[in-house]
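Structural overview for review
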Amino acid sequence: MWVSGTLWLARTPALLRRRWLPAPGCRRSAATTYSASADPSRVRALVYEHHGHPAKVVELKNLELPAVGGSDVHVRMLAAPVNPSDINMIQGNYGLLPKLPAVGGNEGVGQVVAVGSSVTGVKPGDWVIPAAAGLGTWRTQAVFKEEALIAVPSDIPLQSAATLSVNPCTAYRMLVDFEQLRPGDSVIQNASNSGVGQAVIQIAAALGLRTINVVRDRPDIQTLTDKLKNLGAEHVITEEELRKPETKNLFKDTPPPRLALNCVGGKSSTELLRYLAPGGTMVTYGGMAKQPVIASVSLLIFKDLKLRGFWLSQWKKDHSPAQFKELILTLCDLIHRGLLTAPACAEVPLQDYQGALETSMQPFMSSKQILTM
């Protein structure tokens, strides 16, 4: 209905309060439900006023909900993950830092509660995700500008929607933007169990590409290997195995990769370069080891290898909102076809955020932490 000629308020029929089924591998309380209804008198948000250790500087606070203007959208947040970039941003170690105090979270999914009179792209009940980083998704509800949001289908799993706009987008762009790969070509990557790594495996398989996936050794390495192969990985090896000369024999039936994806740096990135085909490209999108990329001079000269970098925020700056939406819809199509699933995740109520932040910073994390509102 229209109120004061400006707002179209969402009612909350049973359809908007139905229980959403979890994605495979996600843990959820049996009582968890999601609703488009929102108490306008209470907005809870995870706020940090200065940079530092996330579990120490982030606080759960009550905020005022601004009035909805003509081009605004009132959103009830449903779920928002804790990503490495979120942690880095709170620590002050990221390429994009919001003005303080800030609400944490760069990714998530919400449901539209109300829209302003000039809003045409979304309506109450629609699911929306952030169009850019820095929106502050770790809150129960908010009022955003329409251009800050992208509508997504509400028939995809909640966890897939909540984790759609960062890792899968990064994986897809790296697979298609740097080398003209054809079905049957191979790709090698480290940090293969990360959110990006798991998306790379699935999207590569959907494109007919073969993947060589490097992970850190761990006690449950066989369990991890089985998990990644179930996603579509062809080879899974440890960092230690990658350094052994005889490891190349394992890939004798796999064409030398023309693309390497590096999220670690240091020795791991040096080893990826050794496996690249002549003229191949290594794309660096992270630095988990906090060590520089070291490239052999002989490999650069005699194999003519290329070193590139990728940052999704920069890609968005260089491309139109319509192109980003096209990317999102391409990924949603893969989700609908069962070719792309969310990473293993654990849903954590917003008030238990400290445990989620601490867990997200632990090595060998098996589940992505997703805050539920």
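Quick caveat, the model's predicted, so the values are computed rather than measured.

Another point: the packing of helix 5 (residues 195-206) against helix 6 (residues 221-231). Interaxial distance between helix 5 and helix 6 falls to 8 Å at its minimum, and their mutual angle equals 40 degrees. On the basis of the axis angle, helix 5 is oblique to helix 6. Contacts from Gln-198, Ile-201 and Gln-202 in helix 5 reach Lys-227, Leu-228 and Leu-231 in helix 6. Of the residues that constitute the contact of helix 5 with helix 6, the class distribution is 3 nonpolar, 2 polar and 1 charged.

Along the chain, Gly-92 turns up in the loop between helix 2 (84-91) and strand 7 (102-103). Judged by relative accessible area, Gly-92 falls into the partly exposed class, the value being 26%. Note: C-alpha distance between Gly-92 and His-53 (39 residues apart in sequence) is 9.6 Å. Sequence-distant contacts of Gly-92, defined by excluding residues within four places in its chain, comprise His-51 and Leu-97.

To describe a pair of aromatic rings, one takes the distance between the centres and the angle between the planes. Enumeration according to the criterion identifies 3 aromatic pairs in this entry. Ring geometry for Phe-178 versus Phe-310: centroids 6.2 Å apart, planes at 85 degrees, classification edge-to-face. Pair noted here: Phe-178 is in the loop between helix 4 (167-177) and strand 12 (186-189) and Phe-310 is in the loop between strand 18 (306-309) and helix 10 (312-318), with a separation of 132 residues, a long-range link. By relative accessible area, which is 11% here, Phe-310 ends up buried. Each ring, one from Phe-251 and one from Tyr-275, has its centre 6.0 Å from the other, and the planes form 70 degrees; the classification is edge-to-face. Linking Phe-251 in the loop between helix 7 (239-242) and strand 15 (259-262) with Tyr-275 in helix 8 (residues 266-275), this pair joins segments that are 24 residues apart in sequence. You can call Tyr-275 buried: its relative accessible area is 6%.

As a further point, take the nonpolar core. Counting 47 residues, the largest nonpolar core has Leu-175, Ile-203, Leu-261, Ile-328 and Leu-331 as the members making the most contacts within it. The dominant element in this core, judged by the number of residues it contributes, is helix 11 (residues 321-336), at 7 residues. Looking at this core, you find at least three residues from each of domain 1 (42-165 + 343-372) and domain 2 (167-314). The residues contacting Ile-203, other than those within four sequence positions of it, are Pro-168, Ala-171, Tyr-172, Leu-175, Leu-331, Leu-334 and Leu-340. Ranked by size, the runner-up nonpolar core spans 31 residues in total, among them Leu-46, Val-119, Leu-350 and Tyr-353.

A few words now on the confidence of the model for the chain. Low-confidence regions, as indicated by low pLDDT, have predicted coordinates that should not be scrutinised in detail. The share of residues in the chain with pLDDT of 70 or more is 89%, and the mean pLDDT across the chain is 89. Across residues 1-22, where pLDDT falls below 50, the model places 49 contacts with residues more than four positions away in sequence or in other chains. Ignoring residues within four places in sequence, the model shows residues 28-38, a span with pLDDT below 50, making 37 contacts including any to other chains.

Attention shifts here to the sheet that holds strand 4 (residues 43-48). One open sheet holds the 3 strands; their spatial order is 5-4-7, and the pairing between them is antiparallel. Only two strands of the sheet have a single neighbouring strand rather than two, namely strand 5 (58-63) and strand 7. Bridging between strand 4 and strand 5 involves 6 bridges; their strand directions are antiparallel. Opposite Val-43, over in strand 5, you have Leu-63 as the bridge partner.

Attention now moves to the pairing of strand 9 (residues 127-130). In this structure, strand 8 (residues 109-115) lies alongside strand 9, joined through 2 bridges in antiparallel fashion. Bridge pairing links Gln-111 to Trp-127 in strand 9. Judged from the 4 bridges that link them, strand 9 and strand 11 (residues 149-152) form a sheet pairing that is antiparallel. When the bridges of strand 11 are listed, Val-128 appears paired with Ala-151.

The rules we used
- Residues numbered from 1 in each chain as written.
- Predicted model: local features only at pLDDT ≥ 70, side-chain atom pairs only at ≥ 80, totals over all residues.
- Heavy atoms only, no water.
- Axes fitted to C-alpha atoms, helices over the stretch in contact; angles between N-to-C directions.
- Helix = DSSP H or I, 4+ residues; strand = E, 2+ residues; numbered from the N terminus.
- Parallel < 35°, antiparallel > 145°, perpendicular 65-115°, else oblique.
- Contact = heavy atoms within 4.5 Å.
- Nonpolar A, V, L, I, M, F, W, Y, C, P; charged D, E, K, R; others polar.
- Buried < 20%, exposed > 50% of the residue type's maximum accessible area, 1.4 Å probe, protein only.
- Phe/Tyr/Trp six-rings, centres within 6.5 Å; stacked < 30°, edge-to-face > 60°.
- Core = buried A, V, L, I, M, F, W, Y, C linked by side-chain atoms within 4.5 Å.
- Domains from an automatic or database assignment.
- pLDDT = per-residue confidence, 0-100.
- Pairing = 2+ DSSP bridges.

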